[in-house]
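Given next are the chains, with one letter for each unit.
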Amino acid sequence: MRITLENLVRTYSDSSPGAGAIHAVNGVSLSIRPNSIFGIIGKSGAGKSTLVRIISLLEKPDSGTVFYDDERVDSLSGRALIERRRRIGMIFQNFNLFSSRTAAKNIAYPLEVSGVPAAEINARVKELLALVGLSDRADSPISKLSGGQKQRIAIARALANNPDVLFCDEATSALDPQTTRSILNLIREIQHKMNLTVVMVTHQMEVVRDACDFVAVLDNGLIAEQGTVEEIFMHPKTAVTRDFLLNLPSGGFSEETQAGSGLVRWSEEGGEYILRFIGKMTGEPVLSRLASKFNVEFNIRAGGIQHLHGQDIGTLITDLSGSKEELAKALDYLKEEGIVVEKNGEER
Ligand code: ADP
């Protein structure tokens, strides 16, 4: 299912004296592709929760429209809204499970509400427990499950009514890196198996890196930029995106990237140039070639490799010095080699 957002606006009034209106979502238009994982990343206060509440039909925008495929859904009400919401799956940071029910009974809940016959519920719950790898935990009370297991049960519950979209609102923010990785892998697997559209709201670029196909960066209630994850990692256009990329944590979620998937910085000073390499270029001795070809010197200040799906992207933060002419030649050479060079927040 494709989700289309047109010019969404949501303004809150601030009750504190002298404060004006809060433009939580300030004119968001977005096309979320079907059958893929779409990330919405933003810092705290950027408007993510407000936006996801609007897209998932929990809250109405002040103006603007939401389409699921060709159907306008932001104006639904009563029965039609309840029916539509039934086919929306949602998972949250704090799992929102019933602590008084067992794992199986939590998964059964949305089916009971939908009036599914008991025998069918039992079969479906079994199937869902197997899907999330917890067949042996059917009768466990929620309090006996780990965080990762709770999120698996929440995922199973979210999928019970065969939704066509799954919203993940900071779904891994409360989990450790290893558990995060296993939950993100599970979501990718399920997305593929069920042809789901997944919208993943997060403040962590590593979640975008490890799970998403596309991403939009939300800043101050507006989309700052959007693209494939690879485009955003290779050609960030705004300060807010660059900041996310420069602050990726240095242990990756994937086993093979435990060491150094964020930037390792060994000098706080310098580093006027940011070089970004893709694919096989990450293994090439580009800088030593540069120094032997041109009369320039370099001093590396930080470096790291990000493992995206199927592509590696390397980043080096470095000084480059030499005469103006030699520097210009060296930078042209880097460009010819397919390396993206950024200086003072601008791609050259
Ligand atoms: P995020 O999820 O990115 O942290 P939110 O959507 O929660 O951002 O918040 C965006 C802005 O809107 C913040 O300034 C927040 O204080 C404000 N806000 C969010 N919900 C409400 C509300 N129900 N009432 C008043 N202000 C709100």
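The structure reproduced in this document is the subject of the present report. Not measured: the values here are computed from a predicted model.

1. A look at the site of the ligand
Then comes step 1: Tyr 12, Ile 22, Ala 24, Lys 43, Ser 44, Gly 45, Ala 46, Gly 47, Lys 48, Ser 49, Thr 50 and Arg 53 make up every residue found near the ligand.
Then comes step 2: One nitrogen or oxygen atom from the main chain of Gly 45 is found 2.6 Å from an oxygen atom belonging to the ligand.
Then comes step 3: If the ligand stood free it would expose 560 Å²; the protein chains cover 62% of that surface.
Then comes step 4: Element by element, the count of residues in the shell around the ligand is highest for helix H1 (residues 48-55), at 4 residues.
Then comes step 5: Classifying every residue of the shell around the ligand gives 4 nonpolar, 5 polar and 3 charged.

2. Considerations on the environment of Phe 98
Then comes step 1: By the element assignment, Phe 98 lies in the loop between strand E6 (88-92) and helix H3 (103-113).
Then comes step 2: Residue Phe 98 is classed as partly exposed on the basis of its relative accessible area of 33%.
Then comes step 3: Phe 98 sits 237 residues away from Lys 335 along the chain, and the two C-alpha atoms are 56 Å apart.
Then comes step 4: Contacts of Phe 98, omitting those with residues within four sequence positions, involve Asn 106, Tyr 109, Ile 142 and Arg 157.

3. Structural notes on the packing of aromatic side chains
The geometry of an aromatic ring pair is captured by two quantities: the separation of the ring centres and the angle between the planes.
Then comes step 1: The full count for this structure, using the stated rule, is 3 aromatic pairs.
Then comes step 2: Here the aromatic rings of Phe 38 and Phe 214 are separated by 6.5 Å at their centres, their planes lie at 20°, and the arrangement is stacked. Of this pair, Phe 38 sits in strand E3 (residues 37-41) while Phe 214 is found in strand E9 (residues 214-219), placing the two residues 176 residues apart along the sequence. There is no split in this pair, since Phe 38 and Phe 214 are both buried.
Then comes step 3: Relative to Tyr 109, the ring of Phe 98 lies with its centre 4.8 Å away and its plane at 65°, an arrangement referred to as edge-to-face. With Phe 98 in the loop between E6 and H3 and Tyr 109 in helix H3, this residue pair connects regions lying 11 residues apart in the sequence.
Then comes step 4: By relative accessible area, Tyr 109 is classed as partly exposed at 32%.
Then comes step 5: Sitting over the face of the ring of Phe 244, Lys 43 holds its NZ or CZ atom 5.4 Å from the ring centroid.

4. Quick word on the packing of H3 against helix H4 (residues 118-131)
Then comes step 1: Closest axis-to-axis distance for the H3/H4 pair is 9 Å, and the angle between their directions is 130°. When the axis of H3 is compared with that of H4, the two are oblique. For the pair H3 and H4, the sense of crossing is right-handed. Contacts between H3 and H4 pair Ala 104, Ile 107, Ala 108, Leu 111 and Glu 112 from the former with Ile 121, Arg 124, Val 125, Leu 128 and Leu 129 from the latter.

Reading guide: rules and limits
Residues numbered from 1 in each chain as written. Predicted model: local features only at pLDDT ≥ 70, side-chain atom pairs only at ≥ 80, totals over all residues. Heavy atoms only, no water. Near = heavy atom within 4 Å. Polar contact = N/O pair within 3.5 Å; in protein donor to acceptor, adjacent residues only side chain to side chain. Areas by Shrake-Rupley, 256 points an atom, 1.4 Å probe, with all protein chains shown as cover. Helix = DSSP H or I, 4+ residues; strand = E, 2+ residues; numbered from the N terminus. Nonpolar A, V, L, I, M, F, W, Y, C, P; charged D, E, K, R; others polar. Buried < 20%, exposed > 50% of the residue type's maximum accessible area, 1.4 Å probe, protein only. Contact = heavy atoms within 4.5 Å. Phe/Tyr/Trp six-rings, centres within 6.5 Å; stacked < 30°, edge-to-face > 60°. Lys NZ or Arg CZ within 6 Å of the ring centre and 35° of its normal. Axes fitted to C-alpha atoms, helices over the stretch in contact; angles between N-to-C directions. Parallel < 35°, antiparallel > 145°, perpendicular 65-115°, else oblique. Left-handed = near helix turned anticlockwise from the far one by under 90°.

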